[in-house]
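Listed below are the residues making up each chain.
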Amino acid sequence: MEPIRIAVIMAGGAGERFWPLSRRCRPKQLLKLTNEDQSLLAEAVERMAPAIPPEQIFIATGRHLAAAIREAELGVPPENVIAEPCKRNTAGCLCYAAAVALNRYGGDGSNITMAVVTADHQIGEPERFRGTVLTAMSSAEANRTLVTIGICPTRPETGYGYIEM
């Protein structure tokens, strides 16, 4: 059976990092910071859409942002904007997104490959990024494993952690 590929764009946040531009109900992912025509979230959707059909792109966010994100008309079905029932950081977000995917597509999960990306990054070469994501998904499917994509750090940053190969 051909796997169902989905993308989960994490778009939660409290809207504190770019104050006064961002607020609780207008966080950085809804701001046009790197492109004068698109929000960071619109860029993330556009970046994934050539690889994953829009009806299989989910935007995981907090309840307080769901309406604003749906109103942004990003090209994904409104029911794919999934509001976490409570804030539990990345692991909770992904568990909730996985539960929504299992409910939507059925099966035991072995039929679903999930790419997890964020809504608040600038990626200068979206085609290369998409190619990397698709390669990672193929590897995950072939080896039935998790695949993590990382970048070489330019300096120590305790807030992000490190990937050891």
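How each quantity is defined
Residues numbered from 1 in each chain as written. Predicted model: local features only at pLDDT ≥ 70, side-chain atom pairs only at ≥ 80, totals over all residues. Heavy atoms only, no water. Phe/Tyr/Trp six-rings, centres within 6.5 Å; stacked < 30°, edge-to-face > 60°. Helix = DSSP H or I, 4+ residues; strand = E, 2+ residues; numbered from the N terminus. Buried < 20%, exposed > 50% of the residue type's maximum accessible area, 1.4 Å probe, protein only. Pairing = 2+ DSSP bridges. Axes fitted to C-alpha atoms, helices over the stretch in contact; angles between N-to-C directions. Contact = heavy atoms within 4.5 Å. Salt bridge = Lys/Arg side-chain N within 4 Å of Asp/Glu carboxyl O.

Trainee: Sorry if this is basic, but what is going on with the packing of aromatic side chains here?
Mentor: Two aromatic rings are characterised by how far apart their centres lie and by the angle between their planes. Inspection of the entire model under this criterion finds one aromatic pair. A ring pair is formed by phenylalanine 58 and tyrosine 105, whose centres lie 6.5 Å apart and whose planes are at 85°; its orientation type is edge-to-face. Highlighted residues: phenylalanine 58 in strand β2 (residues 57-62) and tyrosine 105 in helix α3 (residues 89-105), separated in sequence by 47 residues. Take phenylalanine 58: its relative accessible area is 1%, and that puts it in the buried class.

Trainee: What is the right way to read the sheet that holds strand β3 (residues 81-84) from this model?
Mentor: Pairing between the strands of a sheet is mediated by backbone hydrogen bonds and can be parallel or antiparallel. Taken together, the four strands give an open sheet; going across it, the order is β3-β2-β1-β4, and neighbouring strands pair in parallel fashion. If you trace the sheet from one side to the other, it starts and ends with β3 and β4 (112-118), each paired once. If you compare each strand with its neighbour and ignore which way they point, the axes differ by 30° on average. Packing against the sheet, helix α2 (residues 63-71) makes contact with β2 and β3, and its axis sits at approximately 135° to β2. Along the sheet, helix α4 (residues 126-143) makes contact with β1 (4-10) and β4, crossing β4 at roughly 145°.

Trainee: What am I meant to see in the environment of methionine 48 here?
Mentor: Residue position: methionine 48 is located in helix α1 (residues 40-48). Measuring from C-alpha to C-alpha, the distance between methionine 48 and valine 81 comes to 15 Å, with 33 residues separating the pair along the chain. Other than its neighbours up to four places away in sequence, methionine 48 contacts Ala7, Ile57, Ala115, Val117, Phe129 and Val133.

Trainee: Please clarify how the pattern of salt bridges should be interpreted in this entry.
Mentor: If the charged atoms of two oppositely charged side chains come close together, the side chains can form a pair. Scanning the entire structure with this criterion turns up three salt bridges. Residues glutamate 141 and arginine 5 are paired through a salt bridge, measuring 2.8 Å at the closest nitrogen-oxygen approach. Of this pair, glutamate 141 sits in helix α4 while arginine 5 sits in strand β1, and the two are 136 residues apart along the sequence. Among the ionic pairs, glutamate 125 bridges to arginine 128, the shortest N-O distance being 3.5 Å. Looking at arginine 128, the relative accessible area reads 59%, which means it is exposed.

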